[in-house]
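Tertiary structure, described
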Amino acid sequence: MTRPTLTQATGAAHSRILGIGAARGENVVTNDDIAGPINSSDEWIQQRTGIVTRRRAGADVDVLDLSEAAARQAIAAAGLVGSDIDAVILSTVTYFEQTPAGAAVLADRLGATPAAAYDISAACAGYCYGIGQADALVRSGAARHVLVIGAEKMSDFIDPADRSISFLLGDGAGAAVVGPSDFAGIGPTVWGSDGSRSKAVGQTHAWLDLRENPELGWPTLRQDGQSVFKWAAFEMPKIAQQALDAAGVTADQIQAFIPHQANMRIIDQMAKQLHLPASVVIGRDIAETGNTSSASIPLAADRLLQEGTVKSGDLALQIGFGAGLVYAAQVVVLP
């Protein structure tokens with residue numbers, strides 16, 4: 001019997017980001033508000049991180065609430081409605097339910113059912129992972145419109161006395177709708193991981209450890225600041241350059257650099273390593289929002305667009321990097 005030839009899905013030749021949305025925690029938390037428990041000061045925090053304030057959500061707000069607010073903005077900005085969405089990708093490490101996926105619940109809230117829906121866990125690189133997947137889904141024909149959300153409520157995992165990472169963190173969500181395009185709007189994604197450094201950023205202990213040692217209490221986040229700084233500031237520019245090369249553009253041809261908002265010193269060092277010209281606008285949302293992990297890149301992009309320092313059609317190099325250690329970068333056309 002002759003095996004039948006399968007029909008394969010085919011999609012658009014190109015994809016692009018059609019709309020972006022943002023939601024930040026409603027509470028403004030200053031450096032003075034958190035300096036006491038870490039025996040620090042506003043001056044020290046600003047000098048070391050560039051953060052003046054961070055945004056944190058109230059106790060009655062969760063990851064899906066932040067995700068929904070950002071997603072509705074992105075869908076509207078794309079000129080679509082919820083039922084136009086074919087797939088929902090939610091990047092988060094702070095959603096408390098292992099199953100069902102938060103993306104499925106979110107899709108229902110948005111009226112996107114029966115969209116495909118799944119969560120990804122790639123920490124601060126998660127949004128760029130999601131954009132890479134959305135690009136592939138649209139161009140393969142598996143979906144026409146894909147909603148990508150990076151959302152975190154980092155304040156649920158903060159030890160107020162921790163000097164390694166907790167004072168950096170904020171809450172928020174950023175979303176983007178990716179759809180078909182008559183021009184290439186998303187360059188190749190350059191991504192990867194280095195699990196040999198997995199202890200550099202993570203929880204103080206596993207949830208499973210609480211079975212035998214309940215006195216450990218709620219796990220919070222920690223990092224080896226020096227090793228993470230060196231890795232991000234000096235290794236990640238190489239990945240960013242690879243993304244530029246893969247997209248066929250040079251640093252003087254982009255209008256914006258939007259890295260993960262980890263630390264202002266890391267952002268500055270990356271820009272220096274990339275030899276970015278003064279004409280390139282750099283996302284610095286961290287100064288007012290803090291480090292929001294997977295939400296930070298779309299939040300920074302949204303701020304630049306809202307402020308008018310970049311415009312629709314501009315080219316932006318974006319790169320996420322974090323716990324894992326994982327990373328992803330691509331050049332995109334801003335919506």
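Refer to the preceding data block for the structure.
Residues numbered from 1 in each chain as written. Predicted model: local features only at pLDDT ≥ 70, side-chain atom pairs only at ≥ 80, totals over all residues. Heavy atoms only, no water.

Some thoughts on helix H5 (residues 126–140)
With 15 residues, H5 extends 21 Å between its outermost C-alpha atoms, agreeing within 8% with the 21 Å of an ideal straight helix rising 1.5 Å per residue. Counting buried positions along H5 gives 11 out of 15 residues, so the element sits mostly inside the fold. Those residues of H5 lying buried are Gly-126, Tyr-127, Cys-128, Tyr-129, Gly-130, Ile-131, Gly-132, Gln-133, Ala-134, Asp-135 and Val-138. (Helix = DSSP H or I, 4+ residues; strand = E, 2+ residues; numbered from the N terminus. Expected span 1.5 Å × (residues − 1). Buried < 20%, exposed > 50% of the residue type's maximum accessible area, 1.4 Å probe, protein only.)

Let's talk about the nonpolar core
Within the largest apolar cluster, 49 residues are counted, with the highest numbers of intra-cluster contacts made by Met-236, Phe-257, Leu-276, Leu-317, Ile-319 and Phe-321. Every element with two or more residues in this core is listed here: helix H6 (225–247), helix H7 (264–274), helix H8 (286–289), strand S13 (315–322) and strand S14 (326–333). Looking at which element gives the most residues to this core, the answer is H6, with 10 residues. Once residues lying within four places of it in the same chain are set aside, the contact partners of Leu-317 are Ala-240, Ala-243, Leu-244, Ile-254, Ala-256, Phe-257, Ile-258, Leu-274, Gln-330 and Val-331. In terms of nonpolar packing, the next biggest core, distinct from the first, is built from 31 residues, Ala-256, Ala-316, Val-332 and Leu-334 among them. (Core = buried A, V, L, I, M, F, W, Y, C linked by side-chain atoms within 4.5 Å. Contact = heavy atoms within 4.5 Å.)

Here we look at the packing of helix H3 (residues 63–77) against helix H4 (residues 102–109)
At their nearest, the axes of H3 and H4 sit 10 Å apart, and the two run at 50 degrees to each other. When the axes of H3 and H4 are compared, the pair comes out oblique. In this structure, the crossing between H3 and H4 has a hand that is right-handed. Residue-level inspection shows Leu-64, Asp-65, Ser-67, Glu-68 and Arg-72 of H3 in contact with H4, the latter providing Gly-102, Val-105, Leu-106 and Arg-109. Taken together, the residues of the contact of H3 with H4 sort by class into three nonpolar, two polar and four charged. (Axes fitted to C-alpha atoms, helices over the stretch in contact; angles between N-to-C directions. Parallel < 35°, antiparallel > 145°, perpendicular 65-115°, else oblique. Left-handed = near helix turned anticlockwise from the far one by under 90°. Nonpolar A, V, L, I, M, F, W, Y, C, P; charged D, E, K, R; others polar.)

Keep in mind these values describe shape, not function.
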